[in-house]
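# Summary of structural features
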Amino acid sequence: MKLSTRKIISIEVGLVVTTVLTILLVSNAVVRSYLQAGLLVGAIAMSMILLGWAKARGRDAKFVGIAVILAAVTFQVLTFLLLGLKLGFVTNVYAWNFASIFRVFLPVALVIMGEEILRGQLVEKGKASKLAVVMTGVTLWVVEIAITLPLYDLGSAKDVFSLVVLVTGPAALTNILLTYIAFCYDYRINIVYRLVMSLPVYLLPILPDAGDYLPTIFQIGFIFLVALGLAGIRWRSRINAAAGAKNQRPETDRIRQTKKVARWVGIGVAVVVVVGYVALMSGLFHYYLLAIGSGSMEPNIARGDLVLVERYRERDELEVGDILVYKHSNVVMVHRISEMQEQQNGDYAYTTKGDANKSEDEWTVGKNEIIGVVKGKIIALGFPTLWLNELFNK
């Protein structure tokens, strides 16, 4: 075994041992998180002392970095929209304030950056040894599992199952992917990738009401797709190198890579916009968009505006002033509640009125007629839908 490999393994064993001791001896979660970040900084410093600083020198690192980060952002946006619109949204338990930043956001970000800098350092210095590279991935996988152990009761079969399904398996796949990226390209890609994939759950004010298992399944599928994409890029790079592409002018290579990145960025943005718009307009989800075809709610909602509608559930509480979307005589109406009358069975009948109308509607609305409640609007973006409807109706 090479001396450098022995040094790498000794650093990794020291990190695992100190991490386990920290978990066993420190009960405060915030203090434990900062100590873990400190242990990673110490491991990085030790690697620099024993091995020297390692600079990543992977081919196509810039292009791969942009592609991976763009894919991560696209995945986060699409899953947020699709899961949220289908299953509804819940308020995030983490408030955006100094306490949350200090107690949650900052230690998580520090641990992520520490793990990926250490991964890049050890993988680059251990490239000549497959054992050193594999042990680096395994070590950081074990550390990640150890960090999450205090969140689970190992005496509970349900918690053990959740630990295996939600942490152990996904962390193994993620570490394989991250170690591959650090080995072939640049560890800095991993830092941005992990921040994009990990931090929205702490930063966004609302989150999809999807539980833990469904997003994990989506994430596992995404990891496989990214891995396949990277394998394809690597294969194509080798083919080009074998064909003598490396002898072309650097300016030509940069222009080609820039065009590829621009194309993928354009495709990613277009996919997000189109899928999001179609999903919202389809009416299949808990939230959807509806184009307004009349001026009965002006000036608050004009003809051609899009309104965001949350589907009505019987447990929802309505109030005077809410804007209802309901069906009356096979026509979808968007009018405001002006009065509520409680019925003998405990349900309510709602009197509605368009903001632009002089009088209230002549009918009352029962709960069986209610489709949803307007939660917001987008000015004028409903006109394309209206024009298409008019065209097909004619």
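Computed from a predicted structure; not experimentally measured.

Cut-offs used in this document
- Residues numbered from 1 in each chain as written.
- Predicted model: local features only at pLDDT ≥ 70, side-chain atom pairs only at ≥ 80, totals over all residues.
- Heavy atoms only, no water.
- Helix = DSSP H or I, 4+ residues; strand = E, 2+ residues; numbered from the N terminus.
- Buried < 20%, exposed > 50% of the residue type's maximum accessible area, 1.4 Å probe, protein only.
- Contact = heavy atoms within 4.5 Å.
- Areas by Shrake-Rupley, 256 points an atom, 1.4 Å probe, with all protein chains shown as cover.
- Expected span 1.5 Å × (residues − 1).
- Bend = angle between axes of the 7 residues up to and from the residue.
- Salt bridge = Lys/Arg side-chain N within 4 Å of Asp/Glu carboxyl O.
- Core = buried A, V, L, I, M, F, W, Y, C linked by side-chain atoms within 4.5 Å.
- Pairing = 2+ DSSP bridges.
- Axes fitted to C-alpha atoms, helices over the stretch in contact; angles between N-to-C directions.
- Parallel < 35°, antiparallel > 145°, perpendicular 65-115°, else oblique.
- Left-handed = near helix turned anticlockwise from the far one by under 90°.
- Nonpolar A, V, L, I, M, F, W, Y, C, P; charged D, E, K, R; others polar.
- Polar contact = N/O pair within 3.5 Å; in protein donor to acceptor, adjacent residues only side chain to side chain.

Turning to the overall build of the protein chain, a few remarks are in order. A tally of helices and strands in the protein chain yields 11 helices and nine strands. The buried share of the protein chain, reckoned over its 394 residues, is 37%. Intrachain contacts of the protein chain at a sequence separation of at least 6 include 70% that bridge at least 24 residues. As displayed, the protein chain offers around 21,900 Å² of accessible surface, 65% of which is attributable to carbon and sulfur atoms.

Between the first and last C-alpha of helix H6 (residues 157-184) there are 39 Å, a value that for 28 residues agrees with the 40 Å anticipated at 1.5 Å per step. Along H6, the largest kink reaches about 30° and is centred on Val164.

A separate point is the pattern of salt bridges. Opposite charge on two side chains makes pairing possible when the charged atoms of those side chains draw close. Under the defined criterion, the tally for this structure stands at nine salt bridges. One salt bridge connects Glu116 with Arg194, and the closest N-O pair in it is separated by 2.8 Å. Taken together, the positions of Glu116 in helix H4 (residues 98-125) and Arg194 in helix H7 (residues 187-198) put the pair 78 residues apart, joining distant regions of the chain. For the pair shown, Glu116 and Arg194 are each scored as buried. Of the charged contacts, one joins Lys367 and Asp347 as a salt bridge, the two residues approaching to 3.4 Å between their closest N and O atoms.

Once that is clear, we can look at the nonpolar core. Ranked by internal contacts, the top residues of the largest apolar core, which has 19 residues, are Val64, Leu177, Tyr185, Tyr193, Phe222 and Leu230. Looking at this core, the elements that each hand over two or more residues are helix H3 (61-87), H6, H7 and helix H9 (213-242). Looking at this core, the element that brings in the most residues is H3, giving six residues. Among all residues touching Val64, those that are not within four sequence positions of it are Tyr185, Ile189, Leu230 and Ile233.

In this section: the environment of Thr216. Among the structural elements, Thr216 can be located in helix H9. Spatially, the C-alpha atom of Thr216 lies 8.4 Å from that of Val165, the residues being 51 residues apart in sequence. Leave out the neighbours within four places in its chain, and Thr216 touches Val165, Leu166 and Pro170.

A few words now on the sheet that holds strand E6 (residues 331-342). Strand order in this open sheet of seven strands is E3-E4-E9-E5-E6-E7-E8, and the pairing throughout is antiparallel. Two strands lie at the open edges of the sheet, namely strand E3 (287-291) and strand E8 (364-365), each paired on one side alone. Pairing of strand E4 (residues 306-311) with strand E9 (residues 370-378), which is carried by six bridges, proceeds in the antiparallel orientation. Looking across to E9, one finds that Leu306 is bridged to Ile378.

A word on the packing of H4 against H6. Two numbers describe a pair of packed helices, the interaxial angle and the distance between the axes. The interhelical angle for the contact between H4 and H6, taken along N-to-C directions, is 55°, at an axis separation of 9 Å. Taken together, the axes of H4 and H6 are oblique relative to one another. For the crossing formed where H4 meets H6, the hand is right-handed. Residues Glu116, Arg119, Gly120 and Val123 of H4 lie in contact with H6, whose contacting residues are Asn175, Leu178, Thr179, Ala182 and Phe183. For the contact of H4 with H6, the residue count by class is four nonpolar, three polar and two charged.

This next bit is on the packing of helix H5 (residues 130-148) against H6. Contact geometry for H5 and H6: axes closest at 9 Å, N-to-C directions at 145°. Helix-helix and strand crossings are classified by hand; for H5 and H6 the assignment is right-handed. Every residue of H6 that contacts H5 at Val133, Gly137, Leu140, Trp141, Glu144, Ile145 and Thr148 is listed here: Leu163, Val167, Thr168, Ala171, Ala172, Asn175, Thr179 and Phe183.

With that out of the way, let us pick up the side chain of Thr79. With respect to the helices and strands, the residue Thr79 is situated in helix H3. What makes Thr79 buried here is its relative accessible area of 12%. Within the structure, the side chain of Thr79 is placed 2.8 Å from the backbone oxygen of Phe75, a separation counted as a polar contact. Within the structure, Thr79 has its side chain in polar contact with the backbone oxygen of Gln76 (distance 3.1 Å).

Purely geometric numbers; function is a separate question.
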